[in-house]
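Below, each chain spelled out in residue letters.
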Amino acid sequence: VRRFIGVWPGETCGVRFATAELVNMYWKLTALNGKPVLAAANQREPSLILQSAGAHQRATGSGGCNRFTGSYELNGNSLRFGALAGSMMACVEGMDTEREYLETLPQVRTWKVLGQHLELFDAAGTMLARFDKEHTHSEDEVRFTVRGHGVFWVNPENGDPVFAIEVGVGDLIN
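This structure is a prediction, so every number in the text was calculated from the model and none was measured.

Peer 1: Hey, could you run me through the state of the cysteines in this one?
Peer 2: Should the sulfur atoms of two cysteines be covalently bonded, the bond is a disulfide. Enumeration according to the criterion identifies 1 disulfide in this entry. Here C65 engages in a disulfide with C91; their sulfurs sit 1.8 Å apart. On the sign convention where negative is left-handed, the bridge of C65 and C91, at about 80 degrees about the S-S bond, is right-handed. With C65 in the loop between β4 (56–62) and β5 (67–75) and C91 in the loop between β6 (78–86) and α1 (95–104), the pair connects residues that are 26 residues apart, well separated along the chain. Residue classification places C65 among the buried residues on the basis of a relative accessible area of 3%. On the accessibility criterion, C91 (23% relative accessible area) is partly exposed.

Here is the structure:
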């Protein structure tokens, strides 16, 4: 290694040479204002989904404790968030990160997708947030581990917290 830049816990390299779409994808927040973001135990991970159906554009996601929704405007690489509304639960952990995340979104002016990573920037070009694209699964999918081992992340569509299943050869997830 000739140059070490840093370690970002919780980030992945993504799929090689593939670029994710911006809208209608589940994006997991991995860095905020230059700091790594990790989900608090037994809570949702901070996330963002930019939903688009015709002229209807809605931003939804989680700050980790509370869910939020609001509008956004997308024009080329320009992205602006409108007013956001959300639930108002109090959680033991992660409230500082959630507050910072929700205060950062209105500062976003541009975006860029690099492979499986979404980066959001302010007007000066400073990266505010970085996300990893997460693959979601429907309830009717079945997985069987043929070789190797690892962790299979499940992100329920109903908003329940994301959870991990450690898998090895011969394991069946149904």
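Peer 1: How should unusual backbone geometry be read in this particular structure?
Peer 2: Where the residue is not glycine, phi is negative for most of them; where a peptide bond is considered, it is trans in most cases. Here N24, not a glycine, exhibits a phi torsion of approximately 60 degrees, which is positive. Take N24: it is sitting in the segment before β1 (26–32). Its relative accessible area of 45% is what places N24 among the partly exposed residues.

About the cut-offs
- Along each chain, residue indices are assigned from 1 in the same order as the chain's sequence is written.
- Selection of residues for local features in this predicted model requires a pLDDT of at least 70, selection of side-chain atom pairs for listing and counting requires 80 or more, and totals for whole chains, interfaces and linings are taken over all residues.
- The basis for the side-chain values is all heavy atoms of the structure; hydrogens and waters are excluded.
- Disulfides are defined as pairs of cysteine sulfur atoms found within 2.5 Å of each other.
- To qualify as a helix, a DSSP run of H or I must reach at least 4 residues; to qualify as a strand, a run of E must reach at least 2; elements of each kind are numbered from the N terminus.
- With a 1.4 Å probe rolled over the protein chains alone, any residue whose accessible area is under 20% of its type maximum counts as buried; one over 50% counts as exposed, and the rest are partly exposed.

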